Amino acid sequence: MMKMNLKKRCFLLAFCLILLLPLLSVGASAGEDKPDFEYDNNGRVVWELSEDGGRLESGTLSYTIYDFPAGSLAIYWEAHYLFEYQNRVSSPWIEEITGSSYAEGIVYSAKSGGGIMLLQVEDEWYLFTDAHGKAEMDAFASGKTKNYYLRTEPFCSTALSSEIFDAMEAERAKTDNKRIEDVVNLKKAHRFDVIVYDENQTYAYTVGAVYRLEDGKDYYVHFPSLENRYFDADGNFSYRSGSVEMTELGADLTGALDRVAEMIPSGVYPYYEYEYGDWQITIPEAGFWALYSLFGFAAPLPLLIMGLVLPRSKKRGYPKYWYVLSFLALIWIILAVALMILLI
């Protein structure tokens, strides 16, 4: 009987805590500060773009257009996640680059309210950063970011550990494992690109490529160590003519790369999330308070009554642990009152 009572008490306590969690989470979220954006009447972020296109602003937040440093690796846009804001922006700068007075730009962030913003004008992407985002992108462009990935085609990649990359670099430092190969032959070979993403997986650059040749072995080409003549006008490795020195990778590294490659997804595209505004604005105030009263006050009342009545039951042996239910129901009501005062 004592074991059964203990089980009942534990179940009752867990059940009451589960009932309290939604209200507690509402109270916690009510105390959080929203980002200092400016919102329209529908609860959507309002953006302004300066006349020269150099600054993107909303409320107290400001983002400056970012240009990657000259001489850095060929950095390209490859965003895996984009949060699209509904309000568009217009500016004389957009009119000038598009040749249309009706053209507008679409604002995105890699994360809602993140340190970098993206502006899409027709098919072109422009990067804007705050101070934190600029520091991130500076570190990325200077090669300090170590987010290595193994990639088969755009957006299709998986994380490559620093240990494997460092092992590849250690092999490249050797002198007795080199091979000279015509670049035309490399174009037909099975290839994995080794790339580095920024912290938000929005931009990337290619460190090199691993080619599997006809002898079944993997060979590594490190792009930053090559001269400019190996690349086309867009910074991509050229397969038109010439030969290149390659580093043979051992069987252990080949096996490790194969295991990583098995995790590369196929048919991947950017994931878009859209801004829909503040749902509370679309609900009449009277309806909101009716639902609030139902959940905040009416719902815990039966629990409060049960917790007060059942301990007085002679048939049940006057179980005192039911008082816990009434105590938690009372806390529920007190929290509902406190939150209501904050919301008024």
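As the structure is a prediction and not an experimental result, all values here were calculated from the model.

S.K.: If you had to explain the sheet that holds strand β6 (residues 106-109) to someone new, which residues and values would you point to?
M.R.: Picture the strands of a sheet paired through backbone hydrogen bonds; they go either parallel or antiparallel. Spatial strand order, β1-β2-β3-β8-β7-β6-β5-β16: eight strands in an open sheet with mixed pairing. Looking at which strands have only one partner, the edges of the open sheet turn out to be β1 (48-49) and β16 (271-274). As defined by bridge partners, strand β5 (residues 81-84) adjoins β6 across two bridges and the pair is classed as antiparallel. Bridge pairing in β6 places Glu-84 opposite Tyr-108. Each of β7 (116-121) and β8 (124-129) is contacted by helix α3 (residues 131-141), which is oriented at about 115° to β8, the strand it contacts most.

S.K.: Can you break down the pattern of salt bridges residue by residue, with the values?
M.R.: A full pass over the atoms with the stated rule returns 14 salt bridges. Between Arg-151 and Asp-193 there is a salt bridge, and its shortest N-O distance comes to 3.6 Å. Of the two residues, Arg-151 sits in strand β9 (residues 148-153) while Asp-193 sits in strand β12 (residues 190-197), which places them 42 residues apart along the sequence. For the pair formed by Arg-151 and Asp-193, the shared burial category is buried. Arg-179 serves as the salt-bridge partner of Glu-181, at 3.0 Å between the closest nitrogen and oxygen. A relative accessible area of 8% places Glu-181 in the buried class. Salt bridges here are not isolated pairs; linked through shared partners, they connect Glu-78, Arg-151, Arg-191 and Asp-193.

S.K.: I'd like a rundown of the confidence of the model for the protein, residues and numbers included.
M.R.: Model confidence for the protein is summarised by a mean pLDDT of 84, while 83% of its residues fall at 70 or above. Low pLDDT, under 50, characterises residues 23-32; the predicted model gives this stretch nine contacts beyond four residues in sequence or across chains. Below a pLDDT of 50 lies the segment residues 279-283, which in the model reaches four contacts outside its immediate sequence neighbourhood of four places, other chains included.

S.K.: How would you sum up the side chain of Thr-202? Please name residues and give values.
M.R.: Within the element layout of this structure, Thr-202 appears in the loop between β12 and β13 (203-212). On the basis of relative accessibility, which here comes to 0%, the residue Thr-202 falls in the buried class. When near neighbours in sequence (up to four residues on either side) are disregarded, Thr-202 contacts Tyr-76, Trp-77, Glu-78, Ala-79, Ala-110, Ile-116 and Leu-118.

S.K.: Any chance you could break down the pairing of strand β2 (residues 55-58) for me, citing the residues and the numbers?
M.R.: Only one face of β2 is covered, namely the one carrying Leu-56 and Ser-58; the face carrying Arg-55 and Glu-57 has none of its residues buried. As paired strands, β1 and β2 are joined by two bridges and run antiparallel to one another. For Glu-48, the partnering residue across the bridge sits in β2 and is Glu-57. Joining the antiparallel neighbours β1 and β2 is a turn of five residues, in which Gly-53 adopts a positive phi near 75°. The sheet contact formed by β2 and strand β3 (residues 61-65) spans four bridges and is antiparallel. Bridged to Glu-57 within β3 is Ser-62.

S.K.: Pulling in residues and values, what's your account of the environment of Arg-88?
M.R.: The topology assignment puts Arg-88 in the loop between β5 and α2 (92-98). Taking the C-alpha atoms as reference points, Arg-88 and Gly-105, separated by 17 residues in sequence, lie 5.7 Å from one another. The residues contacting Arg-88, other than those within four sequence positions of it, are Glu-104, Gly-105 and Ile-106. A distance of 3.1 Å separates polar atoms of two side chains, one belonging to Arg-88 and the other to Glu-84. One polar contact links the side chain of Arg-88 to the main-chain carbonyl oxygen of Tyr-85, over a distance of 3.1 Å.

S.K.: Account for the packing of aromatic side chains, naming residues and giving values.
M.R.: This structure, assessed with the given rule, holds 25 aromatic pairs. Ring centres of Trp-93 and Tyr-126 lie 4.9 Å apart, and the angle between their planes is 75°; on these two criteria the pair is classed as edge-to-face. In this pair, Trp-93 sits in helix α2 while Tyr-126 sits in strand β8, placing the two residues 33 residues apart along the sequence. With a centroid separation of 6.2 Å and 75° between ring planes, the pair formed by Phe-231 and Phe-237 is classed as edge-to-face. Through pairs of rings, three or more aromatic residues link up here, namely Phe-37, Tyr-39, Trp-47, Tyr-63, Phe-83 and Tyr-85. Its end group placed over the ring of Tyr-219, Arg-179 keeps NZ or CZ at 5.1 Å from the ring centre.

Quick notes on the rules
- Residues numbered from 1 in each chain as written.
- Predicted model: local features only at pLDDT ≥ 70, side-chain atom pairs only at ≥ 80, totals over all residues.
- Heavy atoms only, no water.
- Pairing = 2+ DSSP bridges.
- Helix = DSSP H or I, 4+ residues; strand = E, 2+ residues; numbered from the N terminus.
- Contact = heavy atoms within 4.5 Å.
- Axes fitted to C-alpha atoms, helices over the stretch in contact; angles between N-to-C directions.
- Salt bridge = Lys/Arg side-chain N within 4 Å of Asp/Glu carboxyl O.
- Buried < 20%, exposed > 50% of the residue type's maximum accessible area, 1.4 Å probe, protein only.
- pLDDT = per-residue confidence, 0-100.
- Polar contact = N/O pair within 3.5 Å; in protein donor to acceptor, adjacent residues only side chain to side chain.
- Phe/Tyr/Trp six-rings, centres within 6.5 Å; stacked < 30°, edge-to-face > 60°.
- Lys NZ or Arg CZ within 6 Å of the ring centre and 35° of its normal.

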